[in-house]
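The residues making up each chain are set out below.
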Amino acid sequence: MSQTMNIPIARTNLTEDEIQSVLAPLRSGWLVQGPKVREFEEKWSTFTGAKHSIAVTSCTTALHLSLAALDFKAGDEAIVPAFTWIATANVIEHLGGKVVFCDIDLATFNLDVAQLEAKITPRTKAILPVHLFGLAADMQPIQQLAEKYNLVVVEDAACGFGSHYQGKHVGTLGDTGCFSFHPRKAITTGEGGMITTNSDTLAEKLRRLRDHGAAISDLQRHHGPRPYLLADHPDAGYNQRMTDLQAALGSAQMDRATDIIKERQRLADRYNAAFAELDWLQTPAQLEDYEHGYQSYPCLFQPEPITLDSIASINTRRNAWMDSLQQQGISTRPATHAVHMLSFYREKYGHQPADFPNAWAANDCSISLPLFHGMTEAEQDYVIKQVLGSQI
């Protein structure tokens with residue numbers, strides 16, 4: 001009998017230099033939105049090709065700031081995919097807006113652009129496409145509709161590090177892009193986020209809003225001719241500033257960003273090859289003109305055709321399989337959740353699961369397998385062996 005291994009769904013793997021990097025701001029005494037934040041932002045812009053990068057406290061605050069800077073107001077509507085992390089919808093609620101869900105394409109887990117135009121009303125202000133799990137949303141038709149109806153586009157690129165669409169890094173296609181540095185992401189600062197934009201005017205406003213609405217930052221004031229004078233505050237802003245401790249850690253990881261992405265893609269390729277003949281497991285879509293960043297490895301469990309009548313039984317079988325893998329030491333997760341099925345949105349908007357059937361199916365039939373920086377071939381071989389040997 002082979003020995004059981006313990007394989008987490010994700011694991012943070014930092015080099016000693018990266019760990020030591022957080023000591024520099026501690027020794028310098030500049031701990032918040034200082035030179036390390038500026039360094040991290042510059043490296044992020046270089047990697048993504050964005051003109052401006054603005055570091056903040058999380059992807060959630062990046063989304064919130066983006067909508068606020070784009071004048072999203074109470075009563076406005078924003079369209080989001082029904083299958084995403086809840087933060088994509090929550091920021092709309094925070095600003096007094098109305099969440100309008102759009103179903104997804106089960107082949108990609110991303111927003112179904114064929115259903116998008118029907119969701120647009122005179123009150124629609126924004127579209128929030130999500131580059132879920134590292135696969136870009138189909139941005140060209142989204143941008144065309146945004147231009148046709150004069151809408152803003154805020155890319156939820158929480159999972160989008162290293163992901164490209166038609167040769168461009170995600171987060172550089174809409175009005176803003178919003179990234180996450182949560183520990184399950186390829187680059188992590190514990191908590192933290194980044195906003196990207198190619199608009200000078202928007203970047204200036206975002207920098208003010210993250211810093212209480214101040215016209216200049218403390219770092220700019222400190223290095224200016226009159227550091228003793230306080231800044232004006234043209235906006236009623238927020239405190240959503242990244243610390244230099246976080247930025248130092250993120251900046252250090254950016255020095256090997258390309259290697260981190262290549263490792264994830266190599267691991268995904270090994271899974272793809274191993275599971276190619278499994279008709280009951282749909283592996284992540286591989287599309288022409290897309291480069292997948294593989295923040296995670298989401299699959300669709302389909303031991304029988306997925307229909308509205310079969311979702312419940314497939315869900316029972318999926319959960320039993322996840323439990324079996326857990327007993328073998330392999331941690332799995334549903335890919336993410338269908339937001340319209342969560343209690344807040346279900347109760348506020350009166351949604352039923354079948355209102356967005358593909359999101360419902362993804363919620364109940366998806367499974368993410370372990371994939372993370374530092375995963376060994378032995379660990380992955382163990383996962384592959386247990387999956388191929390599963391009794392479905």
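Scope of this entry: the structure provided in the associated data block. (Residues numbered from 1 in each chain as written. Predicted model: local features only at pLDDT ≥ 70, side-chain atom pairs only at ≥ 80, totals over all residues. Heavy atoms only, no water.)

Brief notes about the sheet that holds strand 7 (residues 168-169)
Right, so step 1: Within the open sheet, the three strands sit side by side as 7-6-11. Their pairing is antiparallel. Among the strands making up the open sheet, the edge pair consists of strand 7 and strand 11 (290-291).
Right, so step 2: Here two bridges tie strand 6 (residues 164-165) to strand 11, and the two strands are oriented antiparallel to one another. Bridge pairing links Tyr165 to Tyr290 in strand 11. (Pairing = 2+ DSSP bridges. Helix = DSSP H or I, 4+ residues; strand = E, 2+ residues; numbered from the N terminus.)

Quick word on the pairing of strand 5 (residues 152-156)
Right, so step 1: Counted residue by residue, strand 5 has five buried out of five residues, so it is predominantly covered.
Right, so step 2: By the alternation rule, side chains of strand 5 split into Val152, Val154 and Asp156 and Val153 and Glu155, which are all buried.
Right, so step 3: Where strand 4 (residues 124-127) lies against strand 5, two bridges are found, and the strand directions are parallel. Its bridge partner lying in strand 5, Ala126 is registered against Val152.
Right, so step 4: With helix 6 (residues 139-149) bridging strand 4 and the parallel strand 5, this β-α-β connection has right-handed handedness.
Right, so step 5: The pairing of strand 5 with strand 8 (residues 176-180) spans three bridges and is classified as parallel. (Buried < 20%, exposed > 50% of the residue type's maximum accessible area, 1.4 Å probe, protein only. Right-handed = clockwise from strand over helix to strand, strands pointing away.)

Considering the side chain of Ser390
Right, so step 1: In this fold, Ser390 is placed in the segment after helix 14 (377-388).
Right, so step 2: Looking at Ser390, the relative accessible area reads 17%, which means it is buried.
Right, so step 3: Reaching out from Ser390, the side chain makes a polar contact with the side chain of Trp321 at a distance of 2.8 Å.
Right, so step 4: Polar contacts involving the side chain of Ser390 include one to the main-chain carbonyl oxygen of Gln386, which spans 2.8 Å.
Right, so step 5: Among all residues touching Ser390, those that are not within four sequence positions of it are Trp321 and Leu325. (Polar contact = N/O pair within 3.5 Å; in protein donor to acceptor, adjacent residues only side chain to side chain. Contact = heavy atoms within 4.5 Å.)

Describing helix 13 (residues 357-365)
Right, so step 1: With seven of its nine residues buried, helix 13 lies for the most part within the structure.
Right, so step 2: Among the residues making up helix 13, those that are buried are Ala359, Trp360, Ala361, Ala362, Asn363, Asp364 and Cys365.
Right, so step 3: The secondary structure elements touched by the buried residues of helix 13 are strand 12 (297-301), helix 11 (311-327) and strand 13 (366-369).

Structural notes on the packing of aromatic side chains
Right, so step 1: Tallied over the entire structure, the rule returns 19 aromatic pairs.
Right, so step 2: For the ring pair Trp280 and Phe301, a centre distance of 6.1 Å and an interplane angle of 75° mean the geometry is edge-to-face. One end of the pair, Trp280, is in the loop between helix 10 (257-274) and strand 10 (281-282); the other, Phe301, is in strand 12, and 21 residues separate them in sequence.
Right, so step 3: Within the aromatic cluster, the residues linked to one another by ring pairs are Phe40, Trp44, Phe47, Phe161, Phe179 and Phe181. (Phe/Tyr/Trp six-rings, centres within 6.5 Å; stacked < 30°, edge-to-face > 60°.)

Quick notes on the nonpolar core
Right, so step 1: Formed by 77 residues in total, the largest nonpolar core has its most connected members in Phe83 and Leu128.
Right, so step 2: Among the elements that take part in this core, helix 4 (residues 59-69) stands out by supplying seven residues, more than any other.
Right, so step 3: Once residues within four sequence positions are removed from consideration, Leu128 is found in contact with Leu63, Leu67, Ala78, Ile79, Val80, Pro81, Thr88, Val91, Ile92 and Val154.
Right, so step 4: By size, the runner-up hydrophobic cluster in this structure holds 35 residues, among which are Ala55, Ile127, Met139 and Met254. (Core = buried A, V, L, I, M, F, W, Y, C linked by side-chain atoms within 4.5 Å.)

Here we look at a nonpolar patch on the surface
Right, so step 1: On the surface, Leu26, Leu31 and Val32 cluster together to form a nonpolar patch covering roughly 230 Å² of accessible area.
Right, so step 2: On the accessibility criterion, Leu26 (46% relative accessible area) is partly exposed. (Patch = residues over 30% accessible without salt bridge, like charges linked within 9 Å, V, L, I, M, F, W, Y side chains within 5 Å. Areas by Shrake-Rupley, 256 points an atom, 1.4 Å probe, with all protein chains shown as cover. Salt bridge = Lys/Arg side-chain N within 4 Å of Asp/Glu carboxyl O.)

A few points about the pairing of strand 1 (residues 52-56)
Right, so step 1: Buried residues dominate strand 1, accounting for five of its five residues.
Right, so step 2: Burial along strand 1 is two-sided: the residues His52, Ile54 and Val56 and Ser53 and Ala55 are all buried.
Right, so step 3: As defined by bridge partners, strand 1 adjoins strand 9 (residues 193-197) across five bridges and the pair is classed as antiparallel. Bridged to Val56 within strand 9 is Gly193.

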